[in-house]
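Residue strings, one per chain:
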Amino acid sequence: MGERNSKNKPEFIGRLIYSIFFAIAVVFLVAVIVSHHSDSIYGGESLDYSSTWSYESGAPVDFNHITIDGKTTIRKRTNGDVINTKDLCFYTKNIYFSVYLNSDLIYDFHPVGNRVYGKAYGVYPHSITLPVMAHDGTLYIVLENVYPDETGFIKDIKLDDGNEFVIEELQKSVFVFILCLIGFVFGIILTIIGLVGRHFGEKRFEIVSLAAFSLISSIWVASETSILSMLSGSPVTVHFTDYIALDLIPLAGLIYISSATGVKNKVPAILSVLSTTFVIVYSVVSTVMGNDDYHQLLWLTHINLAFIAALVLIIVVYSIVKKRFTKRLVYVLLSAVFIALITGTIDIVRYNVSPTEFARVSYFKYSIFVFILLIGIYEFVIISEMSRRGQYAEIMEQLAYRDGLTNLLNRKGYNEALQEASRDNHKYTFIIFDLNYLKKVNDELGHNTGDVYIKQIAQSMSETFNKDESCYRIGGDEFFVLSGYGMDDPRFKEKLDSFQSKLDEFNEKNKYSIPLCTAYGAAEFDPQKDDIETISKLSDQRMYKMKAEMKAARE
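Residues numbered from 1 in each chain as written. Predicted model: local features only at pLDDT ≥ 70, side-chain atom pairs only at ≥ 80, totals over all residues. Heavy atoms only, no water.

## Considerations on the overall build of the protein
Counting secondary structure elements, the protein contains 16 helices and 13 strands. Expressed as a percentage of its 555 residues, the buried residues of the protein come to 45%. Taking all contacts inside the protein whose residues are at least 6 apart in sequence as the whole, residues at least 24 apart take part in 76%. Total accessible area on the protein stands at roughly 29,100 Å², and carbon and sulfur atoms take up 59% of it. (Helix = DSSP H or I, 4+ residues; strand = E, 2+ residues; numbered from the N terminus. Buried < 20%, exposed > 50% of the residue type's maximum accessible area, 1.4 Å probe, protein only. Contact = heavy atoms within 4.5 Å. Areas by Shrake-Rupley, 256 points an atom, 1.4 Å probe, with all protein chains shown as cover.)

Written out as structure tokens, the structure is:
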């Protein structure tokens, strides 16, 4: 065993290096794509436009600590020389607003979605085309909080080229968005591997659970970017997806870790499913009823996340103590889980202390990709090892159950097939074939020709009995067909005639002095009333009877 492990270690390291190389290559290519943020085809200067705004009372506006009480209007005097070549650009979160130039409405932002989606729309960029002004005028922005008890924000007000502003905003999140696409595709590939893989056994659920985690996490992180909101034109709907995905991420992570560590106890998974279901159902019902919606119930999501994180830690510690998994998985899993827990905790604290700053950068979403990368590399190495072992096992199984000369199932496969047939409720027909004159062919035409005869019978048999039958070579010149229909079925005679015609074609083509011919015997077997040994002997007796008749006719 020690020698085998020493041989496997270099193979594992080789696959690990291979996986890390391609992971780094992908990240490098993505970084190259998004590395030229400053290369603009529009040019022009961006002008800060956040000063000299005032409330209706005349008090100056501090956008870092803006006060919105009911419908609040802020205003700014401007002139055509400044705004005629620019667009008014800024970001908002959790506020509705309308923009007026003098008395003319030039922009209105009151996104309305299905009631189930809630009110929050996240941080959203705005590029407002200003009409041409011949004289000085006043800009008005009428603000209203989405949530009466929570003030939203309006940030980074500037005059800029609208196209440039939108492109810069997309560039800020394109790196993360591409990572989301890669994570999503990775999840789909893992799903396919888990569902159709032949060699993975119980490992399938582990693979599929990692796929679910990768898919849900990619959707959540993508919904946190501005790209989806801008492309869809429905920021409220995208933000609803954000909340639901965030509720599901810890559940998917726990299920994967439970599978990877081999924990059979279902209590943690059941508790996580119940708590996650409660959070989602309560949030949806509360939102639809017009009470607190998803944004206001984020504290509930954070509690559920902390609860499941505690369960994850318990599972990991328990598995380490009980030595449920390998050192490889311990190192990878502990690293990934530690990074995710630390960044998740930091983000929860940041969100509650300073929501504005948190909205700009979330560390947890980056740690999720680190988690997927580390676990993905580990799973890829394990999958490749299992696939290699599975293919080796298939070859060994084929050698054990297949005849080397004909590739038909051998005597061992024949014995197992009869045992299965004896336990079945289905009726079968046993057909035994015997190659006539094989000794004479070997003596007069040579053993190579004898092998040609045997292989021709096997080929003709495989081509003929290929629907509801299985074919076996059970001796040097004996063959067996297990048929799924009775001797009175028209197909029975059709198959025999087709088989004989193939042998006739062979004889006509080769014109050996000793023709290729077989004798056969058939008997029906009913597992409910027949003895399998008796039926086997009966089909054997009928074959020898036909063999004797053919010999007598030849003489």
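What follows picks up the thread again.
## Overview of the side chain of Thr-92
Structurally, Thr-92 can be placed in strand β4 (residues 87-93). The exposure class of Thr-92 is buried, given its relative accessible area of 0%. Reaching out from Thr-92, the side chain makes a polar contact with the side chain of Tyr-121 at a distance of 3.0 Å. A distance of 2.7 Å separates polar atoms of two side chains, one belonging to Thr-92 and the other to His-126. (Polar contact = N/O pair within 3.5 Å; in protein donor to acceptor, adjacent residues only side chain to side chain.)

## Some details on the nonpolar core
Formed by 75 residues in total, the largest nonpolar core has its most connected members in Trp-53 and Leu-88. If one sorts the elements of this core by residue count, helix α6 (residues 235-261) sits on top with 12 residues. Discounting residues that sit within four places of it in the chain, Leu-88 has contacts with Tyr-49, Val-99, His-126, Ser-127, Ile-128, Leu-130, Leu-139, Ile-157, Lys-158 and Leu-159. Residues Ala-458, Val-481, Leu-516 and Ala-522 belong to the second largest nonpolar core, which totals 24 residues. (Core = buried A, V, L, I, M, F, W, Y, C linked by side-chain atoms within 4.5 Å.)

## Re the packing of aromatic side chains
Scanning the model with the defined rule gives 24 aromatic pairs in all. The structure contains a cluster of three or more aromatic residues connected by ring pairs, namely Phe-90, Phe-97, Tyr-107, Phe-109, Tyr-121 and Tyr-124. (Phe/Tyr/Trp six-rings, centres within 6.5 Å; stacked < 30°, edge-to-face > 60°.)

## Regarding the confidence of the model for the protein
Taken as a whole, the protein shows an average pLDDT of 82; of its residues, 84% reach a score of 70 or greater. Contacts for the low-pLDDT stretch residues 1-7, under 50 throughout, to residues beyond four places or in other chains number 1 contact. Low pLDDT (under 50) marks residues 37-42, which in the prediction has 7 contacts with non-local residues, meaning those over four places away or in another chain. (pLDDT = per-residue confidence, 0-100.)

## Overview of empty space enclosed by the protein
Gaps left between atoms are located by rolling a probe of water-molecule size over the structure's atoms. Tallied over the entire structure, the rule returns 1 cavity of 30 Å³ or more. Of the volumes computed, that of the largest cavity is approximately 30 Å³. Forming the boundary of the largest cavity are Tyr-243, Asp-247, Ser-283, Tyr-294, Leu-297, Leu-298 and Thr-301. Elements that contribute at least two residues to the lining of the largest cavity include exactly α6 and α8 (298-321). Residue composition of the lining of the largest cavity, grouped by class: 4 nonpolar, 2 polar and 1 charged. (1 Å grid on protein atoms, 1.4 Å probe; cavity = no way out; pocket = protein on both sides within 12 Å on 5 of 7 lines; lining within 4 Å. Points joined across faces, edges and corners; volume = space filled by probe spheres on them. Nonpolar A, V, L, I, M, F, W, Y, C, P; charged D, E, K, R; others polar.)

## As for the pairing of strand β13 (residues 518-525)
Of all the 8 residues making up β13, 6 are buried; the element is thus mostly covered by neighbouring parts of the structure. Of the strand pairs in this sheet, strand β10 (residues 428-435) and β13 are connected by 8 bridges, and their pairing is antiparallel. Residue pairing across strands places Ile-432 opposite Gly-521, the latter belonging to β13. (Pairing = 2+ DSSP bridges.)

## Here we look at the pattern of salt bridges
The full count for this structure, using the stated rule, is 11 salt bridges. Residue Lys-547 pairs with Asp-434 through a salt bridge whose shortest N-O separation is 2.4 Å. Here Lys-547 is found in helix α16 (residues 532-554), whereas its partner Asp-434 is found in strand β10, with 113 residues between them in sequence. When its relative accessible area of 23% is taken as the criterion, Lys-547 is described as partly exposed. A salt bridge links Lys-493 to Asp-497, with the nearest nitrogen and oxygen atoms 2.8 Å apart. Note that Lys-493 and Asp-497 are positioned in helix α15 (residues 490-510) at a spacing of 4 residues, about one turn of the helix. What makes Lys-493 exposed here is its relative accessible area of 54%. (Salt bridge = Lys/Arg side-chain N within 4 Å of Asp/Glu carboxyl O.)

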